[in-house]
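Chain residues, written in single-letter form:
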Amino acid sequence: MRIAVDIGFGFVKAMNEKGKKVIFPSVLAKRPETSLRGIVGGAGDDYSITYKEGNTTLNMFVGDAGITNGGNRKWEDKDQFNIDELKIFIATAVGLVNENNENVDLCVGLPMSYYLLKKDELIKILNSVSAEVTYEGIKDARSIKFDSVFCFPQGAGAYYSAICNIDGSIKDYNLATTSVGVIDIGYRTVDFIVMGKGRKGITMLDALSGSLEEDGMIRAYQLMDRAVSEKIGREIGIIEIEKAVLWFGCKLDYRRETINLIPYVEAAYKDIAESIAAKLKQKWGSEADLLSAILITGGGGQELFPYLKEKFISAELQENASFANCEGYLGAQMRKMKR
């Protein structure tokens with residue numbers, strides 16, 4: 001069984017070669033032994049798990065359950081990159097899409113800002129994993145062990161998804177032979193790459209690829225939090241804003257009032273889209289005019305596309321943007337395995 005896991009600052013996405021998918025927030029919280037059992041799992045992204053590896057046993061809330069039980073995202077900078085937490089995220093995701101406990105060939109993706117620094121370490125750790133995950137509400141435990149591990153940069157996955165199928169076959173020969181830009185809008189970062197035409201074919205142009213560290217979707221929540229807090233005279237907090245936007249239809253309950261966040265959402269999305277466009281136009285310069293397509297993708301792609309398409313004439317919203325990296329990792333993995 002081939003499985004792709006896209007490890008984002010905001011969300012973990014996984015997909016197997018048959019198309020089964022799972023997505024949950026990149027949040028963990030320790031589960032005390034005295035906690036009520038069996039109360040999560042109904043929404044599909046709430047997980048109460050037990051992770052066992054060697055002499056280590058960890059009881060954890062993962063995803064929305066992690067948020068509900070006081071967890072938060074900890075990836076504030078590269079020095080806080082926690083391999084042990086990533087193992088739990090990956091194991092949880094892999095187990096959910098590998099229902100029959102098949103042997104697994106794994107492909108994972110990392111944000112561009114972590115990829116070069118942490119790729120080799122992550123591959124080495126994952127190759128040595130031999131663990132078991134049990135889930136509340138799921139009868140059988142899942143074995144976590146990998147026959148092979150490939151690692152790709154986020155953004156590159158989205159590109160491969162645009163040009164090839166999950167089985168590695170080329171589906172868009174025109175796009176595969178021309179210059180293409182990718183803007184992958186994640187939770188904390190915006191990864192961008194340019195695949196350009198060189199003498200020996202298409203290659204990633206390093207000088208035009210990288211990460212914007214301050215323009216991910218978290219900045220939108222920060223802008224909303226600031227604006228709402230100024231309105232009511234009290235700081236709400238980013239996590240409450242995010243829950244209102246993602247869980248409660250942009251409705252924030254405060255005391256006896258329900259605040260409609262839609263105007264704040266629209267203003268924040270426009271603000272960060274303009275920031276992204278300005279920085280990338282400066283980075284790409286006249287090269288942007290030579291791109292046959294600029295793919296807008298990632299978890300924030302759909303939200304920001306209406307604003308970015310006004311800035312880039314070649315902008316296209318990638319189909320199934322949230323899982324584009326996973327699909328691309330599977331396609332790139334198969335092409336490497338065939339070689």
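Computed from a predicted structure; not experimentally measured. (Residues numbered from 1 in each chain as written. Predicted model: local features only at pLDDT ≥ 70, side-chain atom pairs only at ≥ 80, totals over all residues. Heavy atoms only, no water.)

Chemist: Explanation requested: the overall build of the protein chain in the structure shown.
Modeler: The secondary structure content of the protein chain amounts to 10 helices and 18 strands. Expressed as lengths along the three principal axes of its C-alpha atoms, the size of the protein chain is roughly 60 × 55 × 35 Å. A buried classification covers 55% of the 339 residues belonging to the protein chain. Surface summary for the protein chain: the accessible area is close to 16000 Å², and the carbon and sulfur share equals 46%. The average position of the 42 basic charges and that of the 46 acidic charges among the side chains of the protein chain differ by 2 Å. (Helix = DSSP H or I, 4+ residues; strand = E, 2+ residues; numbered from the N terminus. Buried < 20%, exposed > 50% of the residue type's maximum accessible area, 1.4 Å probe, protein only. Areas by Shrake-Rupley, 256 points an atom, 1.4 Å probe, with all protein chains shown as cover. Lys, Arg positive; Asp, Glu negative; His and termini not counted. Charge placed at Lys NZ, Arg CZ, Asp CG, Glu CD.)

Chemist: Can you walk me through unusual backbone geometry in this structure?
Modeler: For residues besides glycine, phi is generally negative; the peptide bonds are generally trans as well. A positive phi is found at Arg255, a non-glycine position, where the angle reads about 55°. Following the sequence through the fold, Arg255 ends up in the loop between strand 15 (251-254) and strand 16 (257-260). Of note in this structure, Asn320 is not a glycine but carries a positive phi near 55°. For Asn320, the position within the fold is in the loop between strand 18 (315-317) and helix 10 (324-338). A residue is classified by how much of its surface remains accessible, and Asn320, at 32% relative accessible area, is partly exposed.

Chemist: What am I meant to see in a nonpolar patch on the surface here?
Modeler: Residues Leu246, Trp247 and Phe248 make up a contiguous nonpolar surface patch of roughly 290 Å² in combined accessible area. Of note, Trp247 is situated in helix 7 (residues 238-247). (Patch = residues over 30% accessible without salt bridge, like charges linked within 9 Å, V, L, I, M, F, W, Y side chains within 5 Å. Salt bridge = Lys/Arg side-chain N within 4 Å of Asp/Glu carboxyl O.)

Chemist: Explain the sheet that holds strand 6 (residues 56-63) to me, please; I cannot follow it from the model alone.
Modeler: Remark on secondary structure: sheet strands pair via backbone hydrogen bonds, oriented parallel or antiparallel. If you walk across this open sheet you meet the 5 strands as 4-6-5-8-9, and the pairing is antiparallel. Strands with a single pairing partner mark the edges of an open sheet, and in this sheet they are strand 4 (28-30) and strand 9 (142-144). The sheet shows a mean angle of 30° between the axes of neighbouring strands, taken without regard to direction. With 3 bridges joining them, strand 4 and strand 6 adopt antiparallel strand pairing. By the bridge assignment, Leu28 is partnered in strand 6 with Val62. Packing against the sheet, helix 2 (residues 83-97) makes contact with strand 4, strand 5 (46-53), strand 6, strand 8 (131-135) and strand 9, and its axis sits at approximately 110° to strand 5. (Pairing = 2+ DSSP bridges. Axes fitted to C-alpha atoms, helices over the stretch in contact; angles between N-to-C directions. Contact = heavy atoms within 4.5 Å.)

Chemist: Which parts of the structure should I look at to understand the environment of Ile296?
Modeler: Tracing the backbone through its elements, the reader meets Ile296 in strand 17 (residues 293-297). Classification of Ile296 by relative accessible area gives buried; the value is 0%. Distance in space between the C-alpha atoms of Ile296 and Glu102 is 34 Å, their sequence separation being 194 residues. Not counting residues within four places of it along the chain, the set of residues in contact with Ile296 comprises Ile183, Ile185, Gly301, Phe305, Leu308, Ala315, Glu316, Leu317 and Gln318.

Chemist: In this structure, what is going on with the side chain of Lys13? I would like to understand it.
Modeler: Mapped onto the elements, Lys13 comes out in strand 2 (residues 11-16). According to the relative accessible area criterion, Lys13 is buried, its value standing at 9%. When sequence neighbours within four positions are dropped, the list of residues in contact with Lys13 reads Ala4, Val5, Asp6, Val22, Ile23, Ser322, Phe323 and Cys326.

Chemist: How should I be thinking about helix 2 in this particular structure?
Modeler: Because each turn of an α-helix spans 3.6 residues, side chains separated by three or four positions in sequence point in the same direction. Given a rise of 1.5 Å per residue, 15 residues ought to cover 21 Å, and the 21 Å separating the end C-alpha atoms of helix 2 matches this to within 8%. Burial analysis of helix 2 places 14 of its 15 residues in the buried class, the great majority of the element. (Expected span 1.5 Å × (residues − 1).)

Chemist: Would you explain the confidence of the model for the protein chain in this entry?
Modeler: Regions with low pLDDT carry predicted coordinates that are not meant to be interpreted in detail. Scored by pLDDT, the protein chain has a mean of 88; 94% of the residues are at 70 or more. Note on residues 37-43: pLDDT is under 50 here. Beyond four places in sequence and across chains, it has 8 contacts. (pLDDT = per-residue confidence, 0-100.)

Chemist: Got a minute to help me understand the sheet that holds strand 3 (residues 21-25) in this structure?
Modeler: Pairing is mixed across the open sheet formed by 5 strands, whose spatial order is 3-2-1-7-10. The open sheet has two edge strands with one neighbour each: strand 3 and strand 10 (146-153). Taken over all neighbouring pairs, the strand axes of this sheet differ in orientation by 15° on average, direction set aside. Across 5 bridges, strand 1 (residues 2-7) lies against strand 7 (residues 104-110) in parallel orientation. Across the sheet, the residue bridging to Ala4 is Cys107, located in strand 7. Against the sheet, helix 3 (residues 112-127) contacts strand 1, strand 7 and strand 10, and its axis sits at roughly 175° relative to strand 10.

Chemist: Any chance you could explain helix 7 here in plain terms?
Modeler: Along helix 7, the positions that sit buried rather than exposed are Ile241, Glu242, Lys243, Ala244 and Val245. In this structure, the buried side of helix 7 is in contact with strand 2, helix 1 (64-68), helix 6 (217-232), strand 15 and helix 8 (262-284). One or two positions beyond helix 7, positive phi appears at Gly249, with a value near 60°.

Chemist: Before we go on, may I ask you to explain the side chain of Arg188 in this structure?
Modeler: Residue placement: Arg188 occurs in the loop between strand 11 (180-185) and strand 12 (190-198). There is a polar contact of 3.2 Å between the side chain of Arg188 and the side chain of Glu213. (Polar contact = N/O pair within 3.5 Å; in protein donor to acceptor, adjacent residues only side chain to side chain.)

Chemist: What's the story with the pattern of salt bridges in this structure? I'm lost.
Modeler: A side chain with one charge can pair with a side chain of the opposite charge if their charged atoms come near. Evaluation of the coordinates by the stated rule reveals 9 salt bridges. The shortest N-O distance in the salt bridge between Glu99 and Lys20 comes to 3.2 Å. Of this pair, Glu99 sits in the loop between helix 2 and strand 7 while Lys20 sits in the loop between strand 2 and strand 3, placing them 79 residues apart in sequence. Given the relative accessible area of 33%, Lys20 is considered partly exposed. For Asp215, the salt bridge identified is with Lys279, shortest N-O distance 2.7 Å.

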